[in-house]
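Architecture at a glance
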Amino acid sequence: MDTHAVLQDAIAIAQAGGKIALSYFRKPLKMETKASSIDIVTEADKAVELYIAEEILKRYPEHHLVGEEGGGQGAASETAEYFWYVDPIDGTTNFANGIPYFSVSIALTDANRCPLAGVVYDVTRDDVYAAIQGQGATFNGKPLQVSQTSELINSVLVTGFPYDRTTSPDNNLKEWSAFIVQTRSVRCLGSAALDLAYVAAGRVDGYWERGINSWDVLAGMLLVEESGGKVTDYAGNDTPQNKPDKRYLASNGHLHATMIDILQA
Ligand code: IPD
């Protein structure tokens, strides 16, 4: 597998998909709800995923594609060696409200969901965050590095709230309350993929979120790891993407143990 060539394809496809998203941005949109009344999908999400899926499978028909708005195309998941995880618009709520913080997220993984290459494209800023396993991560072609912050009180963290928060008591309010009084600040920006890219870029020092899907985070996870950071579940176990409870903790590494203590309290 030539991961360099794959990444170049993924970047070009993410940028072209982003252009499609922009053609719908801040215009009247058709939208529907998904699993819960606060989880929406717009016609733009569908159009962008259709484009990305076609472009990927044109080039890699023997791979399997998992997409937020459908997916399931390409080779059978039981036999495929490589998988693509696609979130056509990560941050749909922002997108639908005209807030310019959303991204296209594309990851190539092996059959164990370990990311080999990934891109997060910040559509409205035309910024490309990209990584290849074992070969580092870049921001618009320049190397990325996580922050050096080692004291929680000096950190800025980012999180998101699960779509089942209106009915589940496991709604992140306890964790939010704990971190907001022990850090410089906590943000809820609205695109998990971009949040992880910000951890990789050292703009925020850590991220946690429950109930997040693989297509939201696999590219971002690779960005963090390849920028010197760490990604686990809330208990510090590796490969959170293969755990059923979908809890993700990403940090610059220095804050990881402290964040685990608070998340486990
Ligand atoms: C959502 C965003 C948001 C996060 C949600 C995700 P979507 O993705 O990443 O930041 O808090 O959990 O589902 O639905 O906009 O693709």
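Look up: the structure comes first, before these words.
Please read all numbers here as calculations on a predicted model, not as lab measurements.

We now examine the sheet that holds strand β10 (residues 156–159). One open sheet accounts for five strands, arranged β11-β10-β12-β14-β13; its pairing is mixed. On the outer flanks of this sheet lie β11 (185–187) and β13 (230–232), each paired with one strand and no other. Neighbour-to-neighbour, the strand axes of the sheet open up by a mean angle of 15°, direction not taken into account. Relative to β11, β10 is paired through three bridges, and the arrangement is parallel. The residue bridging valine 158 from the neighbouring strand is arginine 187, located in β11.

Counting 35 residues, the largest nonpolar core has Val120, Tyr129, Leu194, Tyr207, Val217, Leu223 and Val224 as the members making the most contacts within it. Only β4 (82–90), β7 (127–132), β10, α5 (192–200), α6 (214–226) and β14 (247–251) provide two or more residues apiece to this core. Once residues within four sequence positions are removed from consideration, valine 224 is found in contact with Val146, Leu196, Val199, Ala200, Gly229, Lys230, Val231, Ala250 and Ser251. Residues Val48, Ala53, Tyr60 and Val119 belong to the second largest nonpolar core, which totals 34 residues.

Before going further, it helps to examine the sheet that holds β7. With respect to topology, seven strands assemble into an open sheet ordered β3-β4-β5-β6-β7-β8-β9, the strand pairing being mixed. Each edge of the sheet is formed by a strand with only one pairing partner; in this case those strands are β3 (64–67) and β9 (142–143). Packing against the sheet, α5 makes contact with β4, β5 (103–110), β6 (115–122) and β7, and its axis sits at approximately 100° to β6. Set on the sheet, α6 makes contact with β3, β4, β5, β6, β7 and β8 (137–139); between it and β6 the angle comes to about 105°.

Turning our attention to the site of the ligand. Lining the immediate environment of the ligand, one finds 14 residues, of which Glu68, Asp90, Gly91, Thr92 and Glu209 sit closest. The contact in question runs from an oxygen atom of the ligand to an N or O atom on the side chain of tyrosine 163, over 2.9 Å. Notes on the ligand: free accessible area 380 Å², of which the protein chains cover 94%. Sort the elements by how many residues they give to the shell around the ligand and β4 lands first, with three residues. The class makeup of the residues in the shell around the ligand is four nonpolar, five polar and five charged. No fewer than three residues from each of domain 1 (3–143) and domain 2 (152–264) sit in the shell around the ligand.

Definitions and cut-offs
- Residues numbered from 1 in each chain as written.
- Predicted model: local features only at pLDDT ≥ 70, side-chain atom pairs only at ≥ 80, totals over all residues.
- Heavy atoms only, no water.
- Pairing = 2+ DSSP bridges.
- Helix = DSSP H or I, 4+ residues; strand = E, 2+ residues; numbered from the N terminus.
- Axes fitted to C-alpha atoms, helices over the stretch in contact; angles between N-to-C directions.
- Core = buried A, V, L, I, M, F, W, Y, C linked by side-chain atoms within 4.5 Å.
- Buried < 20%, exposed > 50% of the residue type's maximum accessible area, 1.4 Å probe, protein only.
- Contact = heavy atoms within 4.5 Å.
- Near = heavy atom within 4 Å.
- Polar contact = N/O pair within 3.5 Å; in protein donor to acceptor, adjacent residues only side chain to side chain.
- Areas by Shrake-Rupley, 256 points an atom, 1.4 Å probe, with all protein chains shown as cover.
- Nonpolar A, V, L, I, M, F, W, Y, C, P; charged D, E, K, R; others polar.
- Domains from an automatic or database assignment.

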